[in-house]
Amino acid sequence: MTKYDRYQPHKIEPYWRKKWEDTKIYRSVVDQTKPKHYALTMLPYPSGDLHIGHWYAIAPSDARARYMRMKGYNVLFPMGFDAFGLPAENAAIKRKVHPQTWTLNNIKRMREQLKSMGAMFDWEREIISCSPGYYKWTQWVFLKFYEKGLAYKKLSPVDYCPQCNTTLAREQVWGEDRHCERCQTPVVKKELNQWFFKITDYAEELLDFSKIDWPEKVASMQKNWIGKSEGAEVNFKLANKEVKVFTTRPDTLWGVTFMVLAPEHPLVDLITTDDYREQVEEYKFQTTRQSEIERLAVDKEKTGVFTGSYAINPVNGEKIPVWIADYVMMGYGTGAIMAVPAHDERDFAFAKKYNLPIKVVITPEGSELDELSQPYTEVDEGVMVNSAPFNGTPAREGKEKVITWLKEQGLGEKAVNYRLRDWLISRQRYWGAPIPIIYCEKCGNVPVPYQDLPVLLPEDAEFLPTGESPLKHHKAFLHTTCPQCGGPAERETDTMDTFICSSWYQYAYLSPNFEGETLFDPKEGEYWLPVDLYTGGVEHACMHLIYTRFFTKALRDLGIVDFDEPMLELRNQGIILGEDSEKMSKSRGNVISPDDLVEAYGSDTVRTYLMFGWRWDLGGPWNSRGIEGSYRFLNRVWELLLSPVEGDQNPSEDKCQTLLKKAHQTIKKASTDLEDFSFNTYLASLMELSNLLSKLKQDLWGTKAWSETSKNFTLLLAPACPHLAEELWSRLGGDYSVHNQPWPQWDEALVVEETVEIVVQINGRIKERLVIPIDAEEEQVREKALALEPIKELLKGKKPRKIIYVQGRLINIVI
RNA sequence: GCGAGAGUGGCGGAAUGGCAGACGCGCUAGACUUAGGAUCUAGUGGGCAACCGUAGGGGUUCAAGUCCCCUCUCUCGCACCA
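Cut-off values and rules
Residues numbered from 1 in each chain as written. Chains lettered and ligands numbered in written order. Predicted model: local features only at pLDDT ≥ 70, side-chain atom pairs only at ≥ 80, totals over all residues. Heavy atoms only, no water. Helix = DSSP H or I, 4+ residues; strand = E, 2+ residues; numbered from the N terminus. Buried < 20%, exposed > 50% of the residue type's maximum accessible area, 1.4 Å probe, protein only. Contact = heavy atoms within 4.5 Å. Areas by Shrake-Rupley, 256 points an atom, 1.4 Å probe, with all protein chains shown as cover. Lys, Arg positive; Asp, Glu negative; His and termini not counted. Charge placed at Lys NZ, Arg CZ, Asp CG, Glu CD. Axes fitted to C-alpha atoms, helices over the stretch in contact; angles between N-to-C directions. Parallel < 35°, antiparallel > 145°, perpendicular 65-115°, else oblique. Nonpolar A, V, L, I, M, F, W, Y, C, P; charged D, E, K, R; others polar. Salt bridge = Lys/Arg side-chain N within 4 Å of Asp/Glu carboxyl O.

A. Fine view of the overall build of chain A. Within chain A, the regular secondary structure consists of 26 helices and 33 strands. Dimensions of chain A, computed from the C-alpha atoms along their principal axes, are close to 110 × 85 × 50 Å. Burial statistics for chain A: of 815 residues in total, 55% are counted as buried. For chain A, contacts bridging at least 24 residues in sequence account for 73% of all contacts bridging at least 6. With the model as given, the accessible surface of chain A reaches about 37,000 Å², and the carbon-plus-sulfur share is 49%. Side chains of chain A carry 100 positive and 116 negative charges; the gap between the two charge centres is 2 Å.

Written as structure tokens, this is what we have:
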């Protein structure tokens, strides 16, 4: 290449990418002599096009990984594709292409798009979750879970999406109208025999975030989702049976005036008296119907019916009516509640509607409550009343005391409930990993033997959705022999939720398509694991991010990994909106295509703008003028470092010092900013340095300070602009590759200014400025400040009451 | 309703309790140009000024965008979970 020409990203970017590939500089192999850093960014679903959101997530993560590499870490930064899932099937149905063909074509395209980013991926570690070499291990994990009792099959009411024709996990049902996460169709309840993973076994441990540095937001979302509540289980007598009731307010037990069972509660039929049978049946019918119709009712007025039976409150022997109502759910607690209308919003509304008694048992300290217009739900200031042995006890203490008392009396005990449900993993779809189970009439559920894995997904299945699993109609797949008795048997025809594939993918990168005995090559695992830094969107907080934590804990208990958490540090990026501040979507026509941007400005500009334009964790609307600014910056950098100066030069030691000082301040700033994911200020600091460089260029071009600084500048630029930095580096005479150079070190002595301008304040208001040596004695600064004419004038001979001096910053004279 | 987070120029955004608005976009003026939506230079929170300015109101402090209390607005998550 010639010595000086224009900045032409389209020439230099493909050139260097090819060179990197040819020289394998991003190959990451175990190297015991170096500290390791496993940087992982969420793998994309191969939808067919890499969009700007992918770039926004991945490019800054790549810059961070490159920084770590230059800092001397052996960095693993892999990439792959989460390739099973519904869109492939839907596209296939629409376009009559096989889901596999569609997926693999998309991967091919997206791999090229990803490569255009110039990231430091080690493509030899690429994983594709729909390849048999991958899903063999997904099935392997299933079998391990099954052996451990963490995978089980159960007949239960489950959420079913009538549009996607499959069941869904609780996490995949969203919003008030309980719609499908993928297609927004409201789900319906169905009674089906499905496979579950026992994530609830880990509910308590999943609440512990002490071993990981994850955003508070994600932790709180997960805690919220797991929904731990502590209280008591109390035994009520009902028709010669015992009904357990969960409550978080045992202190209100004396205020129970009725009991409510979920309509599906098994005792309902037993206790309903003949007089009420008809209305109870009618109500049960209504509620089941309701869940099948659209659930649009927003302000759901509470409804219910009396069963005709009465239960006995064990604490005072009172007889209370038993109702059924759909505000009590079978899936939480015991499906039965004790209603305390005086101290619970829902019970209050219900009691008012059906004229049930309301009995006050908690009152605010020192006052009385007779007629309630609303329930008194306060705990901290409440005191127990009308509660035989506990009158006068503060409600907060009452909770614990009553539990102890219940236990002594044999009436109940302490209990904890979680909102988290077991993970429903069966999907009645084709494009997923088959569940490796065989049903034998003689032997029952038989796991597929490990040596028979993978259970291959047949390519010639009819995958049109019918509500039944497509594999059920594939005779060759369905019919098999029992591995235990050799008799005729049938395979499980449901496939696994694709979130399973992504729950362990961080381990797959260690040894893609591993052929050994366990999930991954232990030599690799021992070195690289666990993941040091995970980056991606916060939208996965209650799905992928909770699942993968569960997986790691389960794998630990199976002896497959030896740590508790999969990813030590997590960082979430924000979302880039359209220029109209709306979510990008084809229908709105506000989609920004990264391919077009790369075409127009080159990859480095796109990377730079994505890092500079927003706070990474917040994101925000796209600005098509903004990217022009980044492009201009890179052009200026090019001119600055490469085009020689003409005419007279007037270098001076002073100017050199000024430049070196700024350079070292920039090294420090850029380092700490990259450390903190503050990509925007990292680039701002580079811009400041480049502004100073251009100011001093005429005089300093060719000096040692100039060449040293331009080399350092190039190194600092390398994480953001890998191609441009490589080109500049080579033209400045550096050895290939800039990406193998150590990150520059700053000299703290140079970072510190020798003289500073401080502010002279009177009563906290700025009145004057003063230039002083940084290490000036306070006494001298005081004298100087007080000697300033404007200050003398303002003081008018008055004696300051107090003078505060903050070294190198300001002096505040209080009068 | 519950939980979390955020409110700073026209815009994106900077600011260990210590000079509010770094850096950039946009805008204004000028230079160079046949031309400029290229490039370069200068300016750019408001106000003629003293001064006033970080959603609003209190407070702590010599000093508050930053810490404390209250209010408002917005975003996100959960939502009849007993």
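B. Spotlight on the packing of helix H18 (residues 603-612) against helix H23 (residues 722-731). At a minimum axis separation of 7 Å, H18 and H23 run at an interaxial angle of 120 degrees. By the criterion of interaxial angle, the relationship of H18 to H23 is oblique. Residue-level inspection shows Ser 603, Asp 604 and Arg 607 of H18 in contact with H23, the latter providing Pro 722, His 723 and Leu 724. Partitioned by chemical class, the residues of the contact of H18 with H23 number 2 nonpolar, 2 polar and 2 charged.

C. Layout of the pattern of salt bridges. Counted under the stated rule, the structure contains 46 salt bridges. With its nearest N and O atoms 2.6 Å apart, the salt bridge here joins Asp 159 to Arg 178. Of this pair, Asp 159 sits in strand S5 (residues 151-161) while Arg 178 sits in the loop between strand S7 (173-174) and strand S8 (179-180), and the two are 19 residues apart along the sequence. Neither residue differs from the other here; Asp 159 and Arg 178 are each classed as buried. Across the pair Glu 318 and Lys 359 runs a salt bridge whose closest N-O atoms are separated by 3.3 Å. Within this pair, whereas Glu 318 is found in the loop between strand S13 (304-312) and strand S14 (319-325), its partner Lys 359 is found in the loop between helix H10 (345-354) and strand S16 (362-364), the two being separated by 41 residues in sequence. Owing to a relative accessible area of 32%, Glu 318 belongs among the partly exposed residues under this scheme. Among the charged side chains, a network of salt bridges with common partners joins Glu 205, Lys 211, Arg 549, Lys 553, Arg 556, Asp 557, Asp 564 and Glu 565.

D. Representation of the environment of Gly 602. Looking at the element boundaries, Gly 602 is found in the loop between helix H17 (594-601) and H18. When the C-alpha positions of Gly 602 and Ser 116 are compared, they lie 9.0 Å apart, and in sequence the two are 486 residues distant. With residues near it in sequence (within four places) discarded, Gly 602 still touches Pro 9, His 10, Glu 13 and Leu 597.

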